[in-house]
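# Residue-level structure breakdown
For reference, the chains in residue letters:
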Amino acid sequence: MIFPSITYLPKANSRIQLASQPSERAMESLIYWRDVKKSGIVFGAGLITLLAISCCSVISVFAYLSLAILSGTIAFRIYKSVMQAIQKTSDGHPFKEYLDYDLTLSQDKVQHIAGVAVAHVNGFVAEMRRLFLVEDLVDSIKFGVILCVMTYIGAWFNGMTLVIMAFVSLFTLPKVYENNKQSIDTYLDLARSKVADVTEKIKAAIPLGTKKPIAAESDKDK
């Protein structure tokens, strides 16, 4: 289901799992703070950028940030050139390692990303149709409750604030869960069982929320 928050809570012993590709392993290392220095730099730079965007226009933030980076790289390039001239060394370009790094996307990678995106879009559209056209009354009611909650959240926070909160959560919640896995799983299991019990009671009280068995309908026709 494209909206797991409607009927789903994580199972016990669950954990955020990332694929074994190098880029995804690097992301896992960042959000789990395997290297405190790298994670701190990424978290600090990202948070400062998001706070700047919330105060200024995206164009201004992009321009000032790019100017700051460009000024730093030019100054470092000049410094290294002067030092090479004084010491009479031939170290070469200081950014040669990064200039030689291959940034091109392979055709297979692009096709894979496109396929995943299309699958998610198709699933989202199908789920929206199911919820808005009330295929299951209980799920549609729960979706309506979520939309009502979202109206209050929208009144309290703007979109940029939610993005900042999501970014901070990305760098805090996985580590908190990893350090308190056992106790959190216990409470999640309890919450899942309560939600399942309430859902079953609602479906039993509202016959429209469940589909009639085919066998029962055929017996009725007889």
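As the structure is a computational prediction, the values presented were derived from the model and not from experiment.

Parameters and conventions
- Residues numbered from 1 in each chain as written.
- Predicted model: local features only at pLDDT ≥ 70, side-chain atom pairs only at ≥ 80, totals over all residues.
- Heavy atoms only, no water.
- Helix = DSSP H or I, 4+ residues; strand = E, 2+ residues; numbered from the N terminus.
- Buried < 20%, exposed > 50% of the residue type's maximum accessible area, 1.4 Å probe, protein only.
- Contact = heavy atoms within 4.5 Å.
- Areas by Shrake-Rupley, 256 points an atom, 1.4 Å probe, with all protein chains shown as cover.
- Phe/Tyr/Trp six-rings, centres within 6.5 Å; stacked < 30°, edge-to-face > 60°.
- UniProt positions renumbered as here; feature names shortened; annotations may be inferred.
- Expected span 1.5 Å × (residues − 1).
- Arc of directions from axis to C-beta.
- Polar contact = N/O pair within 3.5 Å; in protein donor to acceptor, adjacent residues only side chain to side chain.
- Axes fitted to C-alpha atoms, helices over the stretch in contact; angles between N-to-C directions.
- Parallel < 35°, antiparallel > 145°, perpendicular 65-115°, else oblique.
- Nonpolar A, V, L, I, M, F, W, Y, C, P; charged D, E, K, R; others polar.
- Core = buried A, V, L, I, M, F, W, Y, C linked by side-chain atoms within 4.5 Å.

## Considerations on the overall build of the protein chain
Assigned secondary structure in the protein chain consists of 11 helices and 0 strands. For the protein chain, the N- to C-terminal ordering of α and β elements is α-α-α-α-α-α-α-α-α-α-α. The proportion of buried residues among the 222 residues of the protein chain is 13%. Nonlocal contacts in the protein chain, meaning residues at least 24 apart in sequence, comprise 64% of its contacts between residues at least 6 apart. In the structure as shown, the protein chain presents an accessible area of about 16800 Å², 68% of it carried by carbon and sulfur atoms.

## Quick notes on the packing of aromatic side chains
Scanning the model with the defined rule gives 8 aromatic pairs in all. Summarising the aromatic geometry, the rings of phenylalanine 132 and phenylalanine 143 are spaced 5.5 Å apart at their centres and angled 90° between planes, so their arrangement reads as edge-to-face. Separated by 11 residues along the polypeptide, phenylalanine 132 in helix H6 (residues 107–132) and phenylalanine 143 in helix H7 (residues 137–156) bring together distant segments of the chain. Classification of phenylalanine 143 as buried rests on a relative accessible area of 5%. Both rings, one in phenylalanine 167 and one in phenylalanine 171, keep their centres 5.1 Å apart while their planes meet at 50°; by these two values the pair is tilted. One aromatic cluster is present, built from ring pairs that chain together Trp33, Phe43, Phe167 and Phe171.

## What about the side chain of serine 140?
By secondary structure assignment, the location of serine 140 is in helix H7. The buried category is assigned to serine 140, whose relative accessible area is 13%. Once residues within four sequence positions are removed from consideration, serine 140 is found in contact with Arg130, Leu131, Val134 and Glu135.

## So, the UniProt feature "transmembrane region" (unreviewed entry) in the protein chain
The sites that UniProt annotates as "transmembrane region" (unreviewed entry) are residues 41–65 and 143–173. In residues 143–173, the share of helix is 87% and the share of strand is 0%. The end C-alpha atoms are 25 Å apart.

## Here we look at helix H3 (residues 36–55)
The end-to-end C-alpha distance of H3 is 28 Å, a good match for the 28 Å that 20 residues give at a rise of 1.5 Å each. Among the residues of H3, those classed as buried are Ser39, Phe43, Gly46 and Leu50. With its buried residues spanning 75° around the axis, H3 presents them on a single face. Projecting away from the buried face of H3 at angles above 90 degrees are the exposed residues Lys37, Ile41, Ile48 and Cys55. The N-cap of H3, judged by a side-chain oxygen 3.1 Å from the amide nitrogen of lysine 37 a few residues on, is aspartate 35.

## Some points on the packing of H6 against H7
Interhelical geometry of H6 versus H7 gives an angle of 100° and a closest axis separation of 8 Å. The pairing of H6 with H7 is recorded here as roughly perpendicular in orientation. Counted together, Met128, Arg130, Leu131 and Phe132 of H6 and Asp139, Ser140 and Phe143 of H7 form the full contact between these two elements. Looking at side-chain class alone, the contact of H6 with H7 contains 4 nonpolar, 1 polar and 2 charged residues.

## Quick notes on the nonpolar core
Counting 5 residues, the largest nonpolar core consists of Phe43, Leu50, Ile164, Phe167 and Phe171. Every element with two or more residues in this core is listed here: H3 and helix H8 (159–170). When near neighbours in sequence (up to four residues on either side) are disregarded, leucine 50 contacts Met160, Val163, Ile164 and Phe167.

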